[in-house]
Amino acid sequence: MSGHTILGLALFVVWALLAGVGRMAVQRRRTGDSGFRFAAAARGTRQWWANRISGAGSLLVGVAAPVADLLGLDPVVSPLSSPALRTAAAVVAASGIFCTYAAQLAMGTAWRIGVDPTERTELVTSGPFAFVRNPIFTTALITFTGLALASPNLVALAGLVLVYAGIQMQVRAV
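Residues numbered from 1 in each chain as written. Predicted model: local features only at pLDDT ≥ 70, side-chain atom pairs only at ≥ 80, totals over all residues. Heavy atoms only, no water.

1. Concerning the overall build of the protein
Turning to step 1, where the next piece is worked out: Helices and strands together make up the secondary structure of the protein, namely five helices and zero strands.
Turning to step 2, where the next piece is worked out: Reading the secondary structure of the protein in the N-to-C direction produces α-α-α-α-α.
Turning to step 3, where the next piece is worked out: The C-alpha radius of gyration of the protein comes to 16 Å, within 12% of the 16 Å expected for a compact globule of 174 residues.
Turning to step 4, where the next piece is worked out: For the C-alpha atoms alone, the extent of the protein along its principal axes is close to 50 × 35 × 25 Å.
Turning to step 5, where the next piece is worked out: Counting over 174 residues, the protein shows a buried share of 38%.
Turning to step 6, where the next piece is worked out: Pairs at least 24 apart in sequence give 80% of the contacts found in the protein among residues at least 6 apart.
Turning to step 7, where the next piece is worked out: Accessible surface for the protein amounts to roughly 9,000 Å². Of this, 69% is attributable to carbon and sulfur atoms. (Helix = DSSP H or I, 4+ residues; strand = E, 2+ residues; numbered from the N terminus. Rg over C-alpha atoms; globule rule 2.2 N^0.38 Å. Buried < 20%, exposed > 50% of the residue type's maximum accessible area, 1.4 Å probe, protein only. Contact = heavy atoms within 4.5 Å. Areas by Shrake-Rupley, 256 points an atom, 1.4 Å probe, with all protein chains shown as cover.)

Given below as structure tokens:
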């Protein structure tokens, strides 16, 4: 089973590099600005909490769960342990990564990570945004569901709940 776990960990690294670092590099090249807006969130605000909750959840799913699985610290949840399910989960995660990056690119120069309440950007309604209100968060949830099921232990499942809660806070309260 460790092959699926290592694949899940590698997919998380790809997600972080592509959807995070890579997308910020594209934004900087296009606009001269990274698009990174987390610093705008004042400590203790809803946005600050949403960022912390989803960030903690993503680290639990993407790093802590696979490491716990590899070290045998948190056994895989039996009903979710089949190799076929774990392989399908890795495919779902990889698809989610591709779709997340594609949705980010569809935003063009309006893309941001985080919210700056003083900033106004163009409303994007084309591409995936014509079908889904927030395809970036939707595909991120797909990615993290796949990653959690690639190393389906209690750490991963708890992390997935936090990712979902943080994204919901971001969408509904920020």
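2. Some points on the layout of surface pockets
Turning to step 1, where the next piece is worked out: Here the largest pocket defines a volume of roughly 1,600 Å³.
Turning to step 2, where the next piece is worked out: Along the wall of the largest pocket there are 46 residues; nearest its centre are Arg112, Gly114, Asn134, Phe137 and Gln170.
Turning to step 3, where the next piece is worked out: Breaking the lining of the largest pocket down by element, the ones donating at least two residues are α1 (2-31), α2 (46-71), α3 (83-106), α4 (135-150) and α5 (154-173).
Turning to step 4, where the next piece is worked out: Across the lining of the largest pocket, the residue classes break down as 26 nonpolar, 13 polar and seven charged. (1 Å grid on protein atoms, 1.4 Å probe; cavity = no way out; pocket = protein on both sides within 12 Å on 5 of 7 lines; lining within 4 Å. Points joined across faces, edges and corners; volume = space filled by probe spheres on them. Nonpolar A, V, L, I, M, F, W, Y, C, P; charged D, E, K, R; others polar.)

3. Quick word on the packing of α2 against α5
Turning to step 1, where the next piece is worked out: Packing of α2 against α5 brings their axes to within 7 Å, and their N-to-C directions diverge by 155°. One finds that α2 runs roughly antiparallel with respect to α5. The chirality of how α2 crosses α5 is left-handed.
Turning to step 2, where the next piece is worked out: Split by residue class, the contact of α2 with α5 holds 16 nonpolar, eight polar and one charged. (Axes fitted to C-alpha atoms, helices over the stretch in contact; angles between N-to-C directions. Parallel < 35°, antiparallel > 145°, perpendicular 65-115°, else oblique. Left-handed = near helix turned anticlockwise from the far one by under 90°.)

4. Description of a nonpolar patch on the surface
Turning to step 1, where the next piece is worked out: Residues Ile6, Leu59, Val63, Val67, Leu70, Leu71 and Leu73 make up a contiguous nonpolar surface patch of roughly 630 Å² in combined accessible area.
Turning to step 2, where the next piece is worked out: Here the element with the most residues in the nonpolar patch is α2; it accounts for five residues. (Patch = residues over 30% accessible without salt bridge, like charges linked within 9 Å, V, L, I, M, F, W, Y side chains within 5 Å. Salt bridge = Lys/Arg side-chain N within 4 Å of Asp/Glu carboxyl O.)

5. Topic: the packing of aromatic side chains
Turning to step 1, where the next piece is worked out: Using the criterion set out here, one finds four aromatic pairs in the structure.
Turning to step 2, where the next piece is worked out: Note on Trp48 and Trp49: the rings are 4.9 Å apart at their centroids and 90° apart in plane angle, and the pair reads as edge-to-face.
Turning to step 3, where the next piece is worked out: Ring pairs connect the aromatic residues Phe12, Trp15 and Phe144, which therefore count as one cluster. (Phe/Tyr/Trp six-rings, centres within 6.5 Å; stacked < 30°, edge-to-face > 60°.)

6. A look at the side chain of Ser151
Turning to step 1, where the next piece is worked out: As for its position among the elements, Ser151 is in the loop between α4 and α5.
Turning to step 2, where the next piece is worked out: Once you skip the residues sitting within four places of it in the chain, Ser151 turns out to touch Thr5, Ala65, Pro66, Asp69, Arg86 and Ala156.

7. Brief notes about α1
Turning to step 1, where the next piece is worked out: With 30 residues, α1 ought to run about 44 Å at 1.5 Å a step, and its terminal C-alpha atoms sit 42 Å apart, in line with that.
Turning to step 2, where the next piece is worked out: At Gly22, α1 shows its maximal bend, which comes to roughly 30°.
Turning to step 3, where the next piece is worked out: For α1, the complete set of buried residues consists of His4, Thr5, Gly8, Leu11, Phe12, Trp15, Ala19, Gly20, Arg23, Val26 and Gln27.
Turning to step 4, where the next piece is worked out: Buried residues along α1 sit against α2, α3 and α4. (Expected span 1.5 Å × (residues − 1). Bend = angle between axes of the 7 residues up to and from the residue.)

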